[in-house]
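# Structure assessment
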Amino acid sequence: MYKALYLSPMVPSFNIRETLNFFVELFSFKVARDEGNYVIIYKDNHLIHILNAGVDIGEMEFYLEVDEIDSLWDAIKDKLDGIKVKPPFDREYGMREFHIIIPHTKTLMFVGQPLNQ
């Protein structure tokens, strides 16, 4: 049987530049490939593909697990004007999370850390 190494979400965007800036400025992702209408970004061993959305796009969700959620939140919370977000809170299933809608998309991003860390 094979081993899955990475899960790379493909996020359709109505404005690739703004979606790209969201990940680069708030979450320190770097550009691996930029074709203008298709961008691949990375952070550590994780990739996100950003592509042009059609006329309408469905909703999408993905989960980013981090090791220092409160430090990350402190670093980005003042940069979230106009972005729909739910501040950090503890979940009954043992995770501390914040939720954020990625700009110009219908994508919900969960950012979380195990409570026992």
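No experiment lies behind these values; they were computed from the predicted model shown.

### What about the sheet that holds strand β4 (residues 46–52)?
Spatial ordering of the open sheet is given by β1-β4-β3-β2, a layout of 4 strands whose pairing is mixed. Among the strands making up the open sheet, the edge pair consists of β1 (10–13) and β2 (30–34). Here the average twist between neighbouring strands, direction ignored, is 25°. Looking at chain direction, β2 and strand β3 (residues 38–43) are connected through 4 bridges and run antiparallel. For Arg33, the partnering residue across the bridge sits in β3 and is Ile40.

### Observations concerning the pattern of salt bridges
With the rule as written, the count across this model stands at 7 salt bridges. In this structure, Glu35 engages Arg33 in a salt bridge whose closest nitrogen and oxygen atoms are separated by 3.0 Å. Glu35 sits in the partly exposed class, given a relative accessible area of 47%. Of the charged contacts in the structure, one is a salt bridge between Arg96 and Asp70, with a shortest N-O distance of 2.9 Å. Placement of Arg96 in strand β7 (residues 95–101) and of Asp70 in helix α2 (residues 69–76) is noted, with a sequence separation of 26 residues between them. Under the relative-accessibility criterion, Asp70 is labelled partly exposed at 37%. Salt bridges sharing partners connect three or more residues here, namely Asp70, Asp90 and Arg96.

### Focus: the side chain of Thr105
Following the sequence through the fold, Thr105 ends up in the loop between β7 and β8 (107–114). For Thr105, a relative accessible area of 10% translates into the label buried. In contact with Thr105, not counting residues within four places along its chain, are Val11, Pro12, Ser13, Thr19 and Ile57.

### Observations concerning the side chain of Thr107
Position of Thr107 among the secondary structure elements: in strand β8. Thr107 has contacts with Val11, Met60, Phe62, Ile100, Ile101 and Ile102, leaving out every residue within four places of it along the chain.

### Focus on the packing of aromatic side chains
Counted by the stated rule, this structure contains 7 aromatic pairs. Summarising the aromatic geometry, the rings of Phe23 and Phe29 are spaced 5.6 Å apart at their centres and angled 75° between planes, so their arrangement reads as edge-to-face. On the accessibility criterion, Phe23 (0% relative accessible area) is buried. Phe29 gets classed as buried once you look at its relative accessible area, which sits at 5%.

### So, the nonpolar core
Residues Phe22, Phe23, Phe27 and Met109 are the most contacted members of the largest nonpolar core, which totals 27 residues. Of all the secondary structure elements, the ones that give two or more residues to this core are α1 (16–27), β3, β4, β5 (60–65), α2, β7 and β8. The dominant element in this core, judged by the number of residues it contributes, is α1, at 6 residues.

Definitions and cut-offs
Residues numbered from 1 in each chain as written. Predicted model: local features only at pLDDT ≥ 70, side-chain atom pairs only at ≥ 80, totals over all residues. Heavy atoms only, no water. Pairing = 2+ DSSP bridges. Helix = DSSP H or I, 4+ residues; strand = E, 2+ residues; numbered from the N terminus. Axes fitted to C-alpha atoms, helices over the stretch in contact; angles between N-to-C directions. Salt bridge = Lys/Arg side-chain N within 4 Å of Asp/Glu carboxyl O. Buried < 20%, exposed > 50% of the residue type's maximum accessible area, 1.4 Å probe, protein only. Contact = heavy atoms within 4.5 Å. Phe/Tyr/Trp six-rings, centres within 6.5 Å; stacked < 30°, edge-to-face > 60°. Core = buried A, V, L, I, M, F, W, Y, C linked by side-chain atoms within 4.5 Å.

The values reported here are purely geometric and, on their own, carry no functional implication.
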